[in-house]
4 protein chains.
Amino acid sequence: MAVPKEAVQVFRHRLHEIIFEADTRAGKWFDVILILSILASVLVVMLDSVSAFSARYGAYLYRWEWFFTLMFTVEYLMRLACVRRPLGYAFSFLGVVDLLAILPTYVSLFVPGSQYLIVVRVLRVLRVFRVFKLVNYIGEASVLVRALKASRRKITVFLLAVHVLVIIFGSLMYLIEGPKYGFTSIPRSIYWAIVTLTTVGYGDISPKTNPGQALASLIMVLGYAIIAVPTGIVTSELSLASRKTVSTQVCPCCMAEGHEPDAVFCKFCSERLNPETGQDT
Amino acid sequence: MAVPKEAVQVFRHRLHEIIFEADTRAGKWFDVILILSILASVLVVMLDSVSAFSARYGAYLYRWEWFFTLMFTVEYLMRLACVRRPLGYAFSFLGVVDLLAILPTYVSLFVPGSQYLIVVRVLRVLRVFRVFKLVNYIGEASVLVRALKASRRKITVFLLAVHVLVIIFGSLMYLIEGPKYGFTSIPRSIYWAIVTLTTVGYGDISPKTNPGQALASLIMVLGYAIIAVPTGIVTSELSLASRKTVSTQVCPCCMAEGHEPDAVFCKFCSERLNPETGQDT
Amino acid sequence: MAVPKEAVQVFRHRLHEIIFEADTRAGKWFDVILILSILASVLVVMLDSVSAFSARYGAYLYRWEWFFTLMFTVEYLMRLACVRRPLGYAFSFLGVVDLLAILPTYVSLFVPGSQYLIVVRVLRVLRVFRVFKLVNYIGEASVLVRALKASRRKITVFLLAVHVLVIIFGSLMYLIEGPKYGFTSIPRSIYWAIVTLTTVGYGDISPKTNPGQALASLIMVLGYAIIAVPTGIVTSELSLASRKTVSTQVCPCCMAEGHEPDAVFCKFCSERLNPETGQDT
Amino acid sequence: MAVPKEAVQVFRHRLHEIIFEADTRAGKWFDVILILSILASVLVVMLDSVSAFSARYGAYLYRWEWFFTLMFTVEYLMRLACVRRPLGYAFSFLGVVDLLAILPTYVSLFVPGSQYLIVVRVLRVLRVFRVFKLVNYIGEASVLVRALKASRRKITVFLLAVHVLVIIFGSLMYLIEGPKYGFTSIPRSIYWAIVTLTTVGYGDISPKTNPGQALASLIMVLGYAIIAVPTGIVTSELSLASRKTVSTQVCPCCMAEGHEPDAVFCKFCSERLNPETGQDT
């Protein structure tokens, strides 16, 4: 009954390899099944909202919902078990998402009729980002994220300018067309200005008078031209962002990802990465 | 009655040159007539769907349909005849399209009222890509294809992020506005989120409440800004993709295209390219 | 009464300088007045189409129309007079536009009720491109034109692919939704597919069924992503197109524009450019 | 009662540092409070236009409006007081905006019912650009502004071409569809052409006839393709625009901004920048 401490260690390492990494065959299968379960559980939430469907197959959906919740609960506990610093994982972004994926179903037992939990349940879809690890796309994703981060400030300046523009144009339109033509208040006129400047153009509110249509034309041409600005920003940053491949390893201690393929120690907490992989596989 | 084997060889080579290549005068004329027939036959399918038109000229359309089908059948058989590996051609992408272009009309003789064949018939339009060979655009097309292939992974990451966004925003909108304002289910709300994020903006479903319009504004500005991402990806790949001209020759053995202008042998199967062109023309 | 041939020469050169160039003070004033007249005459055509306005001020508009027509006629004759090869000018692009700007008004005297001439009259607006000469924007315009010409083939390939896509998707939608939901024929469904793929999204026809909305979502995301392709093409060409300033001189013999500032002879017909400018100014 | 001239000088310098700069702790706090007040005052103007809200809380909004006006008045006077050349500030862009932010409320005391002042009041939002100083974004903003200025001429050529296109296409559509289908005049048809070319697509006016839809398709594909042009222009300019950080210092004499971090003297008027910062802080 006395399990040697070393065997536990090895078992935890093996579990960590399967659950958090995708370098081994078992780890890949685990991830494939996980992704499919996530997609299926999101599908269940969606179908549940289609009244015709839920009226007919509600009982089945309910059972599937519990099936996935229990499955994700086991997975969550296993993740907690095999990580060296469970709290670090529990409070990381994906850790919180993992918890939010199972909590709403339990809560719904005690708080009846809480349909607001539906959105929390849908957040499960965020877990799908784990797929990057599976298909070795971490490198691609991190290039994109780095380019977006680098252009963060320029995009902020651009968005600030866009907001000032829509506030001024929205107010102008409120004056020109007024409540008679659907521009009932400045906030609603600003909503219209955003719909127009971003070239979405619902048509739920649209200018009817001649000066209104002239101003609208101006906003459209402006929106058509200044879309060039974020594009130019991201393009020039993207061509700067260097490209390098990143391993799928996750630090067993601090949960950090994005280690380079030849890394032996975690670059954030100096914990040794994956000693078993080197020895056993 | 004994046709020497060599004469058959020469004839097949000549046929191959005319049908599959556009370097000779006969080959060019063949391609021009083929393209015009393809466009005309697609036009016939389209006009057939206009009820006012088909009621009046249905008989003529029917005859033209059969004319083109027989013509394409002859062409298909000739292609099979002059290729060294008929099966290789028959199962290639354009080979399957060539077969699909003639099959539906024959099937419609036995399976009455099968209007679903209309889309299969329209697939004929894919054959129009043969036009690239005619106008020496293979090089341009392959640069584009190469750039798109190189940015495949980044585009996938982007599309995955977009899908996660629309699922979350769609669910949020379902909560905020609900069935009362047209957001009858989560799938429909996701459809609305896609319509909005991609700046299409039909206006068949549009937010009516203030918080709904605020969320919609957020999605629009987001969609307006992140369109910069695929653009940046493709632009940086396109400027990397090298440019070189490519011949219109097709290997008579393995059907491979994209040979360089000075190539004498197929770079994929080492078959001699076009021996006649070098000797006869 | 005998005007010396040399004086005529000098006068024609002077006229050419004023009318066709913008390097001298008189030439600049001529161009400014011309541009304003063009804009005013286009405005007259526009206002004439507003029924409320033309009912009231129709007589004034009619007089202005004739005023501009006579003015442009005089200008056209002067252009013919001072160019060395009048036929070359008359059949050049801007020469034809200049003629089309005056013809419709005369024709309307003999052919009553010909409202179709209205569009020909509006073509006057093309003359406004002469403004480039005035503000020294020929260089900018030619860089853009050169970049667009260089990317002509790639854009063609892209547009062909887009057309094949909308034909296939339009036909699919015709099958899925059918005449019951507004998709009355394949051509109309293709029109809808174009409206959707280009992210215009009128909403005059929109999918109602679930599979239809799913297909529409696919087209939207596709259209949102592939807009990156033309952008990437033009961007990479634009950064290649070299930038150099170009003079506003026009060859008095062959009407060619785009000469470099230090050019003494026309690079197309070897005619001496502007001898007076060098001597008189 | 005799305040020594030097003490006044020091006080003015200190005030200048707080109000116009964001390098000191007091300056940062001043700017944070100012930005929040600006946003709050714009919010007050917006809410005032929502009839349901203003009917209920009109009195509160009125008081807040006066609170912010008085606050901004004090700020404006202080700015005038601590600048060496008050007139230079008063007639600078931000100086005029500062004045316009307070004027309308005073004017409304004498000119009753002047709802047109609402837009002038909303111009307050322009003051928010002062935020750039706070967050050290002047560098980012100036890179964008420089890139836009550099591409000014090319964008002008592009916009001119777009306007010529929409005028011609609008007139054509007026002929094809005519007043029967909503295209009541050429200006309105041009409005429709702009809505379509910029891919906004309200759907308030949309083609109904077959030739009309064919022309509309052409305009859409054109608009979809030529959006690549401004994007290409801005992108190539942005990658050229050099990047350097800029200090938040403002010259106490000529109000010029954009000095480099190690600048000791104003690069425009040679005035010493911020002598106190060097001595006191």
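Per an unreviewed UniProt entry, chain A goes by the name Voltage-gated potassium channel and belongs to Desulfoluna spongiiphila.

A. Structural detail: the interface of chain A and chain B. Each partner contributes to the interface: chain A provides 48 residues, whereas chain B provides 48 residues. Both faces considered, chain A and chain B share a buried interface measuring about 4,100 Å² in area, 74% of it formed by carbon and sulfur atoms. Between chain A and chain B we count 2 salt bridges in total. With a closest N to O distance of 3.9 Å, Lys154(B) and Glu140(A) form a salt bridge.

B. Representation of the pattern of salt bridges within the structure. All names here are of chain C. For the structure on display, the rule yields 40 salt bridges over all chains. In this structure, Arg79 and Asp98 form a salt bridge, with 3.8 Å as the shortest nitrogen-oxygen distance. Pair noted here: Arg79 is in helix α3 (residues 51-82) and Asp98 is in helix α5 (residues 93-110), with a separation of 19 residues, a long-range link. In this structure, Arg79 and Asp98 share a single accessibility class: buried. A salt bridge links Lys154 to Glu237, with the shortest nitrogen-to-oxygen separation between them at 3.6 Å.

C. Here's a closer look at the packing of aromatic side chains. Scanning the model with the defined rule gives 44 aromatic pairs over all chains in all. Where Phe20(C) meets Tyr89(C), the ring centres are 5.9 Å apart and the plane angle is 85 degrees; that geometry is what we call edge-to-face. A residue pair is termed long-range when its members are at least 10 positions apart, and Phe20(C) in helix α1 (residues 5-20) and Tyr89(C) in helix α4 (residues 86-90) qualify at 69 residues. Here Phe20(C) falls in the buried class, since its relative accessible area comes to 2%. Feature note: the residues Trp64(A), Phe67(A), Phe68(A) and Phe72(A) constitute an aromatic cluster, connected by ring pairs. Across the ring face of Phe72(A), the terminal group of Arg127(A) is positioned such that the distance to the ring centre comes to 4.8 Å.

D. The relation of the copies chain D and chain A, seen in detail. When chain D is fitted to chain A, the residual RMSD is 0.1 Å, and the transformation amounts to a turn of 90 degrees plus an axial shift of 0.0 Å. Put plainly, the chains are arranged around a four-fold axis. Here only 17% of the interface residues in chain D have copies in chain A that are interface residues too; the copies meet through unlike faces.

E. Representation of the interface of chain D and chain A in the model. Each partner contributes residues to the interface: chain D has 48 residues there, and chain A has 48 residues. Looking at the side of chain D facing chain A, the largest losses of area belong to Tyr137(D), Tyr191(D) and Tyr202(D), adding up to 16% of the total buried there. Put simply, chain D and chain A have 2 salt bridges between them. On the surface where chain D and chain A come into contact, there are 9 residue pairs in polar contact (both at pLDDT 80 or more). Secondary structure elements with two or more residues in the side of chain D that touches chain A: α2 (25-49), α6 (117-122), α7 (131-134), α8 (138-150), α9 (152-176), α10 (186-197), α11 (210-226) and α12 (228-240) of chain D. The element contributing the most residues to the side of chain D that touches chain A is α12(D), with 6 residues. Within the side of chain D that touches chain A, the residues separate by chemical class into 34 nonpolar, 10 polar and 4 charged.

Rules used in this analysis
Residues numbered from 1 in each chain as written. Chains lettered and ligands numbered in written order. Predicted model: local features only at pLDDT ≥ 70, side-chain atom pairs only at ≥ 80, totals over all residues. Heavy atoms only, no water. Contact = heavy atoms within 4.5 Å. Buried area = accessible area lost by both parts, 1.4 Å probe. Salt bridge = Lys/Arg side-chain N within 4 Å of Asp/Glu carboxyl O. Helix = DSSP H or I, 4+ residues; strand = E, 2+ residues; numbered from the N terminus. Buried < 20%, exposed > 50% of the residue type's maximum accessible area, 1.4 Å probe, protein only. Phe/Tyr/Trp six-rings, centres within 6.5 Å; stacked < 30°, edge-to-face > 60°. Lys NZ or Arg CZ within 6 Å of the ring centre and 35° of its normal. Least-squares fit on C-alpha atoms with pLDDT ≥ 70 in both. Polar contact = N/O pair within 3.5 Å; in protein donor to acceptor, adjacent residues only side chain to side chain. Nonpolar A, V, L, I, M, F, W, Y, C, P; charged D, E, K, R; others polar.

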